[in-house]
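# Structure at a glance
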Amino acid sequence: MKKTNGKIDFIIFGEGNYHTLGVLHCMATKKVDVYLLLVGSGKRILEGEVVRYSKYARYGHSVQTLNEGLEWILAHKSDFPKGTVIFPTSDWAENLLDCHYNDLITHFVFPNCGKQGEVTRLMEKGLQNTIAMKHGICTLRSTHTNNKSFDLDSIKYPCMVKPLISITGSKEDMKVCNNRTELESALTSAKHTSDFIIQQYIQNEADLLLLGISLPNGEVWTPSLVVKPEVSAVGEYTYANVTTAVKDFLPELDKVKEFVKSLNYIGPFSVEFGVEKGLNYFFEINLRNDGTSHYPIASGVNIAYVYYRACKGELTADDMYYEQGEFPMIDEVLDIRRVLYRQISPIQWWRFLRTAKAYQHYVPFDKRIAFALIPFFISRVCAKIWHTICRK
C-alpha cells in the first residue's frame, strides 16, 4: 500500500476483517479514496483478514497493535488535512480514540460524545440498560457482579452471562446457564474479565439489529434493520434479511431515537434487540460503526459515506436517499454449515448464495476478494467437517 497523497481525509482504523472491508467498499461506491490504518497485516486469509487483497486498498499502513496505530496517527497528523475523519471498526479502536479525545479532536473527527472517556463509560451494559428503561424501552431483568448487592441466590434460571463491558471481555465469556453450578463455573472460568452482567434468558425467536447514525445536527437517522431469524445463544448467525421497513419490526423506534439522543453521541451506531412472543427486548447499543453496516448498500443506504459527508458539513438529501425494500444477505463462507449440518440441501444453499444481495465479504465490483476467500472457505469447511466427526 502507498503512503497518503496528502489529500485523503478518511482513515479506517482497525483490523483487516470483513468490517473494515465493508467500509472500504462503501466508500469505493462513492469514489472516495481511503487510508487504511490496519492492526495486523490484513492478509491473513485463513483468519478472514482479506482487506489488503481488495483493489481499493491502495493507501495505507500496518501496525502490530492499536496503541502503535494511535502513536502513528499522532505522529503523522500533518500528512492529513484538518478535519480528516477517523472511522474505527472495533470497540477497541473506538475506545482508544475516545480515551485520547483531547489529543485528537483539534485535527481529526471521529465518533464521540463531546468529552474524553464518555463513549467508554457508556459501553457499560448495565448503564445502557438503565438509560433504555428510562426511555420506556423493554429491557431484560439484569444484575451485575460488581454490584455491592450482587447475590447469587437471587438469580433466576436460565440466565445469560455476558461481559459487562465488551472491550474487557470476549464472546468466549458469554454463556447460557441453567443452574447455579453452571453460573459459578461461567464466572470463575472466564479468561478475559471478572465483571459480568447476568440477564434473564429469552428463547430468542429472532435478533433485530438497528443500523443508524447520530448526526452532528442532532438528527438520528435509522434507515435499516438486519433481521436475524436464526441466531446462536451468543448472537452468531450466517444469514439474515435486510430491510428498510424499520418501524414494521421496531414499533418503539421513536423511543429508541430519544434514547440515542440522550447519550450526546455523534457517530454511527447499532442497537441490538431480541424477540420473544412478539416483544422486542433491548440487548445493547454499540457506539461505533457496526460490522453489518455495508449490508444495506444494495438499497442505497451508505452509512459510512453519510457520516463522512455529515462530518464535512456537505450532507445532502441525495446522500441519504435509499430505496424501500427487503432482501436476503448471507455469510458466503460460514453459511455452508447449514449444508454440513443437514439443515438445507446443497442446491438450496447454492440458490440462496446466488440470490442474496448482500454478503459478508464479497461485492461484484471487487472480484479479487473472491479469489482470496476460496482458501478461507475451504479451511472453514474442513473445520466444520472435523467438528462434526468429533461430535459423533
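Residues numbered from 1 in each chain as written. Predicted model: local features only at pLDDT ≥ 70, side-chain atom pairs only at ≥ 80, totals over all residues. Heavy atoms only, no water.

## Focus on the overall build of the protein chain
Filter applied, for reference: Helix and strand assignments follow DSSP, with helices taken as H or I runs no shorter than four residues and strands as E runs no shorter than two, numbered in order from the N terminus. Here the globule rule reads 2.2 Å times residues to the power 0.38, and the radius of gyration is calculated from C-alpha atoms. Only protein chains enter the area calculation, which uses a 1.4 Å probe; residues under 20% of their type maximum are buried, those over 50% are exposed, and those in between are partly exposed. We call two residues in contact whenever any of their non-hydrogen atoms come within 4.5 Å of each other. Only the protein chains shown count as covering a residue, and every accessible area follows the Shrake-Rupley method with a 1.4 Å probe. Think of it this way: Lys and Arg go in the positive column, Asp and Glu in the negative one, and His and the chain ends go nowhere. Charged side chains are reduced to one point each, which is NZ for Lys, CZ for Arg, CG for Asp and CD for Glu.
Assigned secondary structure in the protein chain consists of 13 helices and 16 strands. Against the 2.2 N^0.38 benchmark of 21 Å for 392 residues, the protein chain shows a C-alpha radius of gyration of 21 Å, consistent with a compact globule. Overall, the protein chain is about 60 × 50 × 40 Å in size when its C-alpha atoms are taken along their principal axes. The proportion of buried residues among the 392 residues of the protein chain is 54%. Intrachain contacts of the protein chain at a sequence separation of at least 6 include 68% that bridge at least 24 residues. Working note: accessible area of the protein chain is about 17,800 Å², and carbon and sulfur atoms make up 51% of it. Taken as two groups, the 45 positive and 43 negative side-chain charges of the protein chain have centres that lie 5 Å from each other.

## Details of the sheet that holds strand S9 (residues 196-200)
Applied cut-off: Think of it this way: DSSP has to see at least two bridges between two strands before they count as a pair. Axis lines are fitted through C-alpha atoms, for helices just across the contact stretch, and the angle between N-to-C directions can take any value from 0 to 180 degrees.
Spatially, four strands are ordered S6-S9-S7-S8 in an open sheet, and the strand pairing comes out antiparallel. Every interior strand has two partners, whereas the edge strands, strand S6 (142-144) and strand S8 (175-177), have only one. With direction set aside, neighbouring strand axes in the sheet form an average angle of 25°. As defined by bridge partners, strand S7 (residues 159-163) adjoins S9 across five bridges and the pair is classed as antiparallel. Along S9, the bridge assignment pairs Lys162 with Ile197. This element, helix H6 (residues 125-134), spans S6, S7 and S9 of the sheet and lies at about 45° to S9. Contacts from helix H7 (residues 180-189) reach S7, S8 and S9, with the element oriented near 155° to S8.

## Brief notes about a nonpolar patch on the surface
Convention followed: Without a salt bridge and with relative accessible area above 30%, a residue can belong to a patch; like charges are then joined within 9 Å and nonpolar side chains (Val, Leu, Ile, Met, Phe, Trp, Tyr) within 5 Å. Salt bridges are counted wherever a side-chain nitrogen of Lys or Arg sits within 4 Å of a carboxyl oxygen of Asp or Glu.
Among the surface-exposed residues, Phe371, Ile374 and Ile378 lie close enough to one another that they form a single nonpolar patch of about 330 Å² accessible area. Mapped onto the elements of the fold, Ile374 is located in helix H13 (residues 368-391). Assessed through its relative accessible area of 44%, Ile374 is described here as partly exposed.

## Considerations on the packing of aromatic side chains
Keep this limit in mind: Any Phe, Tyr or Trp ring, taking Trp's six-membered ring, that has another such ring centre within 6.5 Å forms a pair; planes under 30 degrees apart are called stacked, those over 60 apart edge-to-face, and the others tilted. We count a charge as sitting over a ring when the NZ of a lysine or the CZ of an arginine lies within 6 Å of the ring centre and within 35 degrees of the ring normal.
In the structure shown here, the tally under the stated rule is 15 aromatic pairs. Considering the side-chain rings of Tyr305 and Tyr308, the 6.2 Å spacing of their centres and the 35° angle between planes classify their relative orientation as tilted. Taken together, the residues span about one helical turn, with Tyr305 and Tyr308 both in helix H10 (residues 303-311) at a distance of three residues. Each member of the pair Tyr305 and Tyr308 is classed as buried. When the ring centre of Tyr53 is taken as reference, the NZ or CZ atom of Lys43 above it lies at 5.2 Å.

## Regarding the side chain of Thr84
For the record, the criterion: Here a polar contact is recorded for every N or O atom pair within 3.5 Å, except that within protein the pair must consist of a potential hydrogen donor and a potential acceptor, and residues adjacent in sequence are included only if both atoms are side-chain atoms.
Structurally, Thr84 is set in strand S4 (residues 84-88). Within the local environment of Thr84, its side chain forms a polar contact with the backbone oxygen of Pro81, the two atoms lying 2.6 Å apart. Apart from the residues within four sequence positions on either side, Thr84 is in contact with Ile8, Asp9, Phe10, Ile11, His107, Phe108, Val109 and Lys312.

## Some thoughts on the environment of Ile165
Positionally, Ile165 belongs in the loop between S7 and S8. Along the backbone, Ile165 and Phe376 are 211 residues apart, and their C-alpha atoms lie at a distance of 30 Å. Filtering out sequence-adjacent residues up to four positions away, Ile165 remains in contact with Met123, Glu124 and Lys125.

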